[in-house]
Amino acid sequence: REYASCGDRRGAARTALCLAYAHADRGNDAVASGHFARAGRMLDELPESPEHGFRAWMIAAGALRRGDNSLARKMAESALAIGNRLGDAETRAMATLWLGHVLLTEGLLEDGIAMLDEASALVGAGGLSPLASGIIYCSVIFACRNRADWRRAHEWTQVADGWCSRESIGYFPGLCRVHHAEVLRFRGEFEEAERDALKALDQLTAAWPRRVYWAHQELGEIRLRRGDIECAEAACGR
């Protein structure tokens, strides 16, 4: 409202897109759809800007989750083109991230991995918002663990942990710590893994309760491998 009242329609559109992303992340799909539609109407009346790239990569991400790879590729490539034309590093990074995921789902592993690594490197170069940086780190680590690429997952988890500490970010570190616990579990370092999972449980309970089940699940996996069947069953039940 404030952006719109002072005539900054780009700012208003950007904020509407951020609200759409936040509500979608919390499962409020109807509210997210309303904010996204409002942002789209404003952007349709404006010259090309990074916000148009923001909208494009959000569409790509949603299409990928629905299994519509064709639309996901089209919109990720559109966002990348916008980022290149405008010289906007954040748009390029987010487009590169989702294009990398598209390539992975199409079986183009080397190309997909290279794009995900590139997106993470763009975060390290600086200049990206905390939201974009956190999404990229979390998404890249998730892709690594899904492929059981534990070496790469460990490397990027260490980088993400450092970033969370430097930026005092409270939204992402719980999930980052869960992924770190997964890496340690697969390396057989069960005591350290359980310590990380318990810390993740505290962080997620405070910052992101909707995702607290990740920590319970990981605790169950760790305790199962340590032979503590009763506690493993309790964690999985939670």
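The structure under discussion appears in the preceding block.
Residues numbered from 1 in each chain as written. Predicted model: local features only at pLDDT ≥ 70, side-chain atom pairs only at ≥ 80, totals over all residues. Heavy atoms only, no water.

### Considerations on the nonpolar core
Note the cut-off: Note on terminology: a nonpolar core comprises buried Ala, Val, Leu, Ile, Met, Phe, Trp, Tyr and Cys residues joined through side-chain atoms within 4.5 Å. Whether a residue is buried, partly exposed or exposed follows from its accessible area with a 1.4 Å probe, protein chains only, as a fraction of its type maximum: under 20%, in between, or over 50%, in that order. Any two residues whose heavy atoms approach within 4.5 Å at even a single point are treated as in contact.
With 54 residues, the main nonpolar core has Trp57, Met94, Leu97, Trp98 and Ile136 as its most contacted residues. Once residues within four sequence positions are removed from consideration, Leu97 is found in contact with Leu116, Ala119, Ile135, Ile136, Ser139 and Val140. The next biggest cluster of nonpolar side chains, apart from the first, holds 17 residues, and it includes Cys138, Ala181, Trp208 and Ala215.

### Concerning helix α8 (residues 130-146)
Going by this rule: Counting from the N terminus, the helices are the DSSP runs of H or I reaching at least four residues and the strands are the DSSP runs of E reaching at least two. One less than the number of residues in a helix, times 1.5 Å, gives the span that helix is expected to have.
For α8, with 17 residues, the first-to-last C-alpha span of 24 Å sits near the 24 Å given by 1.5 Å per residue. Once α8 ends, the next one or two residues include Ala148, with phi positive near 60 degrees.

### Notes on the pattern of salt bridges
We apply this condition: Throughout this description, the term salt bridge denotes a Lys or Arg side-chain nitrogen within 4 Å of a carboxyl oxygen of Asp or Glu.
Applying the stated criterion across every chain, the model contains 18 salt bridges. Ionic pairing is found between Arg147 and Asp149, a salt bridge with its closest N-O pair at 3.4 Å. Of the residues examined, Asp149 reaches a relative accessible area of 14% and is grouped as buried. Residue Asp149 pairs with Arg152 through a salt bridge whose shortest N-O separation is 2.6 Å. Assigned by exposure class, Asp149 and Arg152 land together as buried. Taken together, the salt bridges that share partners define one network made up of Asp117, Arg147, Asp149 and Arg152.

### Let's talk about helix α6 (residues 89-105)
For α6, which comprises 17 residues, the first-to-last C-alpha distance of 25 Å matches the rise-based estimate of 24 Å (1.5 Å per residue) to within 8%. Burial of α6 is extensive: 13 of the 17 residues sit out of reach of the surface. Backbone geometry just downstream of α6 places Gly107 in the positive-phi region, at approximately 85 degrees.

### Description of the state of the cysteines
In plain terms, the rule: Two cysteine sulfur atoms make up a disulfide if the distance between them is within 2.5 Å.
Scanning the model with the defined rule gives zero disulfides in all. A disulfide-free cysteine, Cys144 has its sulfur positioned 11 Å from the sulfur of Cys138, the nearest such atom. The thiol of Cys236 is unpaired, and the distance to the nearest cysteine sulfur, on Cys231, comes to 11 Å.

### Considering the environment of Ser5
Formally: In protein, a polar contact requires one atom able to donate a hydrogen and another able to accept it; more generally it is a pair of N or O atoms within 3.5 Å, and residues adjacent in sequence count only if both atoms are side-chain atoms.
On the secondary structure map, Ser5 appears in helix α1 (residues 2-5). Judged by its relative accessible area of 58%, Ser5 falls in the exposed class. In terms of polar contacts, Ser5 uses its side chain to reach the backbone carbonyl oxygen of Glu2, at 2.8 Å.

### Some thoughts on the packing of aromatic side chains
The cut-off we apply is this: We call Phe, Tyr and Trp rings a pair once their centres come within 6.5 Å, taking the six-membered ring for Trp, and we label the pair stacked below 30 degrees between planes, edge-to-face above 60, and tilted otherwise. To sit over a ring, a charge needs its Lys NZ or Arg CZ within 6 Å of the ring centre and within 35 degrees of the ring normal.
For the coordinates displayed, the defined rule picks out six aromatic pairs. Here Tyr213 and Trp214 contribute two aromatic rings whose centre-to-centre distance is 5.9 Å and whose plane-to-plane angle is 25 degrees, an arrangement assigned as stacked. Accessibility expressed as a relative area gives 40% for Tyr213, which makes it partly exposed. By relative accessible area, which is 14% here, Trp214 ends up buried. A connected cluster of aromatic rings, assembled from ring pairs, spans Tyr21, Phe54 and Trp57. Residue placement shows Arg14 over the ring face of Tyr3; its charged tip is 5.8 Å from the ring centre.

### Some words on the packing of α8 against helix α9 (residues 150-167)
Note the cut-off: Note on definitions: angles span 0 to 180 degrees between N-to-C directions of axes, and those axes are lines fitted to C-alpha atoms, for helices only across the stretch in contact. For classification purposes, an angle smaller than 35 degrees is called roughly parallel, one larger than 145 roughly antiparallel, one from 65 to 115 roughly perpendicular, and anything else oblique. Two helices that cross are described as forming a left-handed crossing if the nearer one is turned anticlockwise from the farther one by less than a right angle, and a right-handed crossing if clockwise. Gly counts as polar in this scheme, as do all residues outside two lists: the nonpolar Ala, Val, Leu, Ile, Met, Phe, Trp, Tyr, Cys and Pro, and the charged Asp, Glu, Lys and Arg.
Relative to each other, α8 and α9 sit at 160 degrees, their axes nearing to 8 Å. Classified by the angle between their axes, α8 and α9 sit roughly antiparallel to one another. For the element pair α8 and α9, the recorded crossing hand is left-handed. Contacts between α8 and α9 involve Pro130, Ser133, Gly134, Tyr137, Val140, Ile141, Cys144 and Arg145 on the former and, on the latter, Trp150, Arg152, Ala153, Trp156, Thr157, Val159, Ala160 and Trp163. Grouping the amino acids of the contact of α8 with α9 by side-chain chemistry returns 11 nonpolar, three polar and two charged.

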